[in-house]
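# Architecture at a glance
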Amino acid sequence: MKQQYSKQENSKDFEEFHHIEELKELFLLNSINDGSSFQKVVKLGGDQGLAKQLKSHLLKGIDSEAQVQENREKFGNNDPIEKEPAQLYELILECFGDTMLQILLVAALVSTVIGIINEGVKTGWTEGATIFLAVFLIVSITAGNNYLKERQFQQLRRKLDDGMIQVVRGGIVEISIKEIVVGDILQFGIGDIFPVDGLMIQGSQIKVDESPMTGESDEIKKLPFNEMTQQQLNNKDHHHYSPFLISGTRCLDGNGYMLVLQVGQNTIQGQLKLLLNQDNPPTPLQQKLEGVAENIGKLGTLVAILTFIALMGHLLYDVFVDHKHELFTLLSLQLIIEAFMIGVTIIVVAVPEGLPLAVTIALAYSVGKMKDEQNLVKNLASCEIMGGANNICSDKTGTLTQNIMQVTALWIDNHNYLNQEINITSKISKQSIEVMSESICYNSIANPTKDRNTNRWTQIGNKTECALIELADNFGFKYSNYRQNDRILRQIPFSSKRKKMVTAILNPKNQSIRIFSKGASEIILQQCFRYVSNNGAELPLDKTKKDDILHNVIENFASHSLRTIAIAYKDLEPQTHVHQINEDEIDKDLTLIAIAGIRDPIRPDVAESIKQCTRSGVTVRMVTGDNIITAQSIALECGILEKNRAQQEFEVIEGKRFRDLVGGLVNAKNEEGNEIKVVKNMQIFQKISKEMKVMARASPEDKYLLVTGLIQEGNVVAVTGDGTNDAPALKKADVGFAMGITGSDVAKDAADIILIDDNFSSIITAMKWGRNIYDCIRKFIQFQLTVNLVALFMSFTGAVILKQSPLNAIEMLWVNLIMDTFASLALATEPPSIKVLDRQPYRRTDQIVSPTMYRTIVGASLYQILVLTFILFLLPKFIDCSIPEELIEQKYPKNVVQMSIFFQAFVLMQVFNSISCRQLDYHTRNPFANFCNNPLFWVVQTITVIVQVLLIQYGGKYVKVSHLTLFQHLLCVGFGIGGIVFSILFKFIPEQLCQKIHLFREEEIKTEKMDDTLTSKLRRKSTMRLHTSQRSKHDIGSLKKMSSDKL
């Protein structure tokens, strides 16, 4: 790049800034537009003056670690901006926002007062105090659960802010984005999102998308500071240009260097992030489960009302028919309060407000595990959506291949050299080596490093360029000698549209201008009319010779899975104004120097992963920019195409032909009247999509077109991408995967999941966890619906027949804790089995509660209802249920032992039923399959059993139970084991008989209506929605003020 730095006279005085706040004002949009920011920089000494004040240098950057640390302490660090997470006490207070728990606490207080009046202070307080304690335990455990979940998501957000960037510190070094300091010289290129605010000091063809900050979609051209200075001196209009680069904006074209002036929360993006709400929106599964919870809640509320009416009916019968007591007495008030508490507690148990939150627990657990398996999740919904993915459109480079490039074939001097022959320089003319190596060194922006001790390379930047730079280094040409050189006049970076890169330099030998070009071999070949032959002689390149090179070099290399890159040049007259030449004209009439064949080995586990996808019902399609022969060869090697089989018409297709056949995209309106893009010729598209496995020479527009059509067909599509222009396809896909190593910032920003290792096998991991999340939620639903149905039925039956609910308020609160918090921890954190990949993916229209699940729910409910009905009405006829002598004088009801056995059997049956609910598979009849794969499940169940036994044996007057004998305990355990046996027998009932069972409708509740559901009104809002409702108004107001003041 020609030296673009402004020259400030050392003797010239300039202003000094005294506080970092002065630099903040440079990035106000109004100040940039009216030129006052530019004038401020001029007063501060221009780019060199600013660099000097920041103890930096425009060429060397900050060249000592001590200075880096000093700048960090003085101007701040670049740590990611995040809101303080909610504290535990805040989450506890939030849980007390539950409407039903508030009512229950008030009722418990009234009950305590009445108890003290009737029984005295010594014993009258016990029941109310126990309810208070039970509520506090529920709230504390729920809040603790949410606290851990919030911490997991906070760690995820921190990981998302990790990334690497290249800066100049004596030389080019790669550092973490968090380590950037004010004064650094930062290198940027196409696809980068600026992580800091800065001043552009060097660059070419820079276009920036500032829409994330300004809302304007126009491309903004940027000029280095010194070019802006020259334009002002020449009285040229500079209104539409500026050297200021704002954090959060995207580099759409070009590459260059910037002087960092603001980091961390001082940047424009940092100040906005401080105001933004970081809570996660509800996922599609959560919205669907909200509909299920709504229906269950309505049933529970109805049963609660009927139970209260039944208990009131008995009270009125006792008062007006049997004349047992008067209506207006403390006893009547106590009975009314108890009946009311029973009704409220039924609602607490029945309304499954924890159902949608179980998804969050499953997601929180899964995203942590997925991060360990090289999947960094940005969008939580993408985890569950991957469970239904049936199409994967994959990149080749770095995903299917290792992205470790090496030149293994070279056509130069009109001769092919393979493998080790390339390094024998005596066979190649010096002139050809020199012009090829100079072209590689000048016409590239990658910065690989070489270990002096081992001579091993670390490839940093574009891997294709790294391979070529290593080749030049083998010939004795070090690329660092050619960078930041004042001979470079102009540079047009590589883009997926142009498929080539061009650099113009001043040739020192004859002062002419030399144009170097490299890129896709077929494209460069068509622009060449001469080639370098033996001994460096240039010969005409006619059509016959072009065809010979095309077939015997390019296609020959491609058939061996090599990517081919052509290198060419031409010379222009010294007086040529190279900046005024149109970029489409600058590299025509070229001389072909060489064609490099670059090998990128297939990842060793890719072939098996693609076989696994096929077994899982997922179609893998390779979409690549390589030519059709290379693409076909690699697809055969990794198993996307079958060997020894005739190809179908559209199985391998080029992007242009595909685009021409389907007619591109046209505008249409969806059901809601919004305008969308659809495939023009859907009939042809459907025919192509059935066969297509490989798309070669594909542009980003072709990939977007393919994804749009597949989604239009009803498929669930996952897409991988690494380039800036892949962003539209990544956004359009149901799940977008960006490459963590090679991916541009724009691609990562558009993606839902980042593949930390760029490995295709990691997509299989995401698919496995996606299916597992769905399974975990289904296991939880199986368990919760069973508990709900049994508890509701028995509460109503007992109230009608026995004049009391078999489970009192305290017992039902304990059941609620087991059913919501404990069960979600135990069942929503099940690790995935490899077997989840041996079945077809879930469809968009599939019901959450499947016929197999209904069979399990109905079977377990029938068994438990039969057992509990037997205990409630017939047990005393078979075993002794008389009250222990020590409890006779303590005002316990006569049937306390029978009710205690009922309570113990009910809870233990839920424990054993949770074991049965771990199995969703119709064919797996063994409930103990995968017995030890989830230790947390057994920890939760062990704690449940221990606490239950302690409640029975020592709860006494607090829980209104009697201690049981060993025989009675074993009887309850036997009832629990019987549930497992019965569930195994029930699995022999054909699934077809359950096809028509639909107990609950599964309507997806829209986000804006989630707070209007019965579940939200009767119980507390979820943490996610509560935070959103509390902050949204404040955030919107703050953002509007920020937009007007800062931008």
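Residues numbered from 1 in each chain as written. Predicted model: local features only at pLDDT ≥ 70, side-chain atom pairs only at ≥ 80, totals over all residues. Heavy atoms only, no water.

## Some remarks on the overall build of the protein chain
- Within the protein chain, the regular secondary structure consists of 36 helices and 28 strands.
- Here the contacts in the protein chain between residues at least 6 apart in sequence split such that 75% fall between residues at least 24 apart.
- In the structure as shown, the protein chain presents an accessible area of about 44700 Å², 55% of it carried by carbon and sulfur atoms. (Helix = DSSP H or I, 4+ residues; strand = E, 2+ residues; numbered from the N terminus. Contact = heavy atoms within 4.5 Å. Areas by Shrake-Rupley, 256 points an atom, 1.4 Å probe, with all protein chains shown as cover.)

## Some thoughts on the pairing of strand β17 (residues 528–532)
- Bridging between β17 and strand β20 (residues 590–599) involves three bridges; their strand directions are parallel. Residue pairing across strands places Tyr531 opposite Leu592, the latter belonging to β20.
- Looking at chain direction, β17 and strand β18 (residues 538–540) are connected through three bridges and run antiparallel. The partner of Tyr531 across the bridge, within β18, is Leu539.
- Hairpin connection from β17 to β18: five residues lie between these consecutive antiparallel strands, with Asn535 at a positive phi of about 60°. (Pairing = 2+ DSSP bridges.)

## Examining the nonpolar core
- By size, the foremost hydrophobic cluster in this structure holds 151 residues, and its most contacted members are Met386, Ile640, Phe737, Phe760, Ile871, Ile901 and Phe906.
- Considering each element in turn, this core owes the most residues, 18 residues, to helix α28 (residues 761–801).
- In this structure Phe760 touches Ile392, Ser394, Thr399, Leu400, Val606, Ser609, Ile610, Cys613 and Val620, once residues within four positions along its chain are discounted. (Core = buried A, V, L, I, M, F, W, Y, C linked by side-chain atoms within 4.5 Å. Buried < 20%, exposed > 50% of the residue type's maximum accessible area, 1.4 Å probe, protein only.)

## Here's the deal with the pattern of salt bridges
- Counted under the stated rule, the structure contains 28 salt bridges.
- The partner of Asp548 in a salt bridge is Lys545, and the shortest N-O contact between them spans 3.4 Å. With Asp548 and Lys545 both in helix α20 (residues 543–559), this residue pair falls three residues apart, about one helical turn.
- Its relative accessible area of 32% is what places Asp548 among the partly exposed residues.
- Overall, the relative accessible area of 15% leaves Lys545 in the buried class. (Salt bridge = Lys/Arg side-chain N within 4 Å of Asp/Glu carboxyl O.)

## A closer look at the pairing of strand β10 (residues 406–412)
- For β10, the tally of buried residues reaches six of seven residues, placing the bulk of the element in the interior.
- Where β10 lies against β20, six bridges are found, and the strand directions are antiparallel. Note that in β20 the partner of Gln406 across the bridge is Arg599.
- Here β10 pairs with strand β11 (residues 415–418) via four bridges, running antiparallel. Among the inter-strand pairings, Ile412 is bridged to a residue of β11, identified as His415.

## Quick notes on unusual backbone geometry
- Here Gln374, not a glycine, exhibits a phi torsion of approximately 75°, which is positive.
- Here Gln374 shows up in the loop between α15 (354–372) and β8 (375–377).
- Of note, the phi angle at Asn414 is positive, near 60°, even though the residue is not glycine.
- Note that Asn414 resides in the loop between β10 and β11.

## Notes on a nonpolar patch on the surface
- Residues Leu302, Ile305, Leu306, Ile309, Phe796, Val800, Ile801, Phe873, Leu874 and Phe878 make up a contiguous nonpolar surface patch of about 890 Å² in total accessible area.
- Looking at the nonpolar patch, the elements that each hand over two or more residues are α13 (284–320) and α28.
- The leading source of residues in the nonpolar patch is α13, at four residues.
- Tracing the backbone shows Phe796 in helix α28.
- Residue Phe796 is classed as partly exposed on the basis of its relative accessible area, which comes to 31%. (Patch = residues over 30% accessible without salt bridge, like charges linked within 9 Å, V, L, I, M, F, W, Y side chains within 5 Å.)

## Focus: the sheet that holds strand β22 (residues 652–654)
- What the eight strands build is an open sheet, ordered β8-β28-β27-β26-β9-β21-β25-β22; its pairing is mixed. On the outer flanks of this sheet lie β8 and β22, each paired with one strand and no other. Ignoring which end each strand starts from, the neighbouring axes of this sheet average 20° apart.
- In terms of strand pairing, strand β9 (residues 391–394) meets strand β26 (residues 717–721) through three bridges, oriented parallel. Bridge pairing links Asn391 to Val717 in β26. (Axes fitted to C-alpha atoms, helices over the stretch in contact; angles between N-to-C directions.)

## Quick notes on the packing of aromatic side chains
- If you walk through the whole model with that rule in mind, you get 15 aromatic pairs.
- When the centroid spacing of 6.3 Å and the interplanar angle of 40° are considered together, the rings of Trp411 and Tyr531 count as tilted. Highlighted residues: Trp411 in strand β10 and Tyr531 in strand β17, separated in sequence by 120 residues.
- A connected cluster of aromatic rings, assembled from ring pairs, spans Tyr442, Tyr482 and Phe516.
- One residue, Arg918, lies across the ring of Phe937, its end atom 4.8 Å from the ring centre. (Phe/Tyr/Trp six-rings, centres within 6.5 Å; stacked < 30°, edge-to-face > 60°. Lys NZ or Arg CZ within 6 Å of the ring centre and 35° of its normal.)

## Things to note about the packing of α13 against α28
- Where α13 meets α28, the axes come as close as 9 Å, and the angle between the chain directions of the two elements is 10°. Relative to α28, α13 is oriented roughly parallel. Residues Leu285, Leu289, Ile296, Leu299, Gly300, Val303, Leu306, Thr307, Ala310, Leu311 and His314 of α13 form the contact with α28, whose own contacting residues are Tyr774, Ile777, Ile781, Leu785, Asn788, Leu789, Leu792, Ser795, Phe796, Ala799 and Val800.
- For the contact of α13 with α28, the per-class residue count stands at 17 nonpolar, five polar and no charged. (Parallel < 35°, antiparallel > 145°, perpendicular 65-115°, else oblique. Nonpolar A, V, L, I, M, F, W, Y, C, P; charged D, E, K, R; others polar.)

## Details of the side chain of Ser916
- Looking at the element boundaries, Ser916 is found in helix α31 (residues 896–916).
- Look at Ser916 and you get buried, because its relative accessible area is 5%.
- Among the polar contacts made by the side chain of Ser916, one reaches the side chain of Ser983 at a distance of 3.2 Å.
- What Ser916 contacts, discounting residues up to four positions off in sequence, is Pro927, Ile980 and Ser983. (Polar contact = N/O pair within 3.5 Å; in protein donor to acceptor, adjacent residues only side chain to side chain.)

## Observations concerning the environment of Gln840
- Secondary-structure assignment places Gln840 in the loop between α29 (809–827) and α30 (851–873).
- Taking the C-alpha atoms as reference, Gln840 lies 9.7 Å from Thr614; in sequence the two are 226 residues apart.
- Filtering out sequence-adjacent residues up to four positions away, Gln840 remains in contact with Arg615, Ser616, Gly617 and Arg771.

## Brief notes about α30
- Look at α30: 32 Å from first C-alpha to last across 23 residues, which is about the 33 Å you get at 1.5 Å a residue.
- For α30, the buried fraction is high: 17 of the 23 residues fall into the buried class. (Expected span 1.5 Å × (residues − 1).)

## Some details on the confidence of the model for the protein chain
- Scored by pLDDT, the protein chain comes out at a mean of 82, with 87% of its residues at no less than 70.
- Every residue in residues 1–12 is under pLDDT 50, and counting partners more than four places away or in other chains gives 35 contacts.
- Long-range and interchain partners of residues 1021–1047, a stretch whose pLDDT sits below 50, account for 48 contacts in this model, where long-range means more than four residues apart. (pLDDT = per-residue confidence, 0-100.)

## Notes on helix α34 (residues 966–986)
- Spanning 21 residues, α34 covers 30 Å between terminal C-alpha atoms, matching the ideal 30 Å at 1.5 Å per step.
- Gln968, His969, Cys972, Phe975, Gly976, Gly978, Ile980, Ser983 and Phe986 are the residues of α34 that are buried.

## What about the environment of Ser761?
- You can see Ser761 is positioned in helix α28.
- For Ser761, a relative accessible area of 15% puts it in the buried group.
- Each C-alpha atom of the pair Ser761 and Glu608 lies 8.9 Å from the other, and the pair is 153 residues apart in sequence.
- Residues in contact with Ser761, not counting those within four places in the same chain, are Asp605 and Ser609.
- Among the polar contacts listed, one links the side chain of Ser761 to the side chain of Asp605, at a separation of 2.9 Å.

## A closer look at the environment of Ser242
- Residue position: Ser242 is located in the loop between α11 (225–233) and β6 (244–245).
- Linking Ser242 and Glu227, residues 15 residues apart in sequence, is a C-alpha distance of 9.8 Å.
- The residues contacting Ser242, other than those within four sequence positions of it, are Ile32, Lys221, Lys222, Leu223 and Met228.
- A polar contact is formed between the side chain of Ser242 and the backbone nitrogen of Phe244, at a distance of 3.3 Å.

## Points about the packing of α28 against α30
- One can describe the packing of α28 onto α30 by two numbers: an axis separation of 9 Å at closest approach and a directional angle of 30°. When the interaxial angle is binned, α28 and α30 end up roughly parallel. Classified by chirality, the crossing of α30 by α28 is right-handed. From α28, Arg778, Ile781, Gln782, Leu785, Thr786, Leu789, Val790, Phe793, Met794, Thr797 and Ile801 reach across to α30, where they touch Met853, Thr856, Ile857, Ala860, Ser861, Gln864, Ile865, Leu868, Thr869, Leu872 and Phe873.
- The class makeup of the residues in the contact of α28 with α30 is 14 nonpolar, seven polar and one charged. (Left-handed = near helix turned anticlockwise from the far one by under 90°.)

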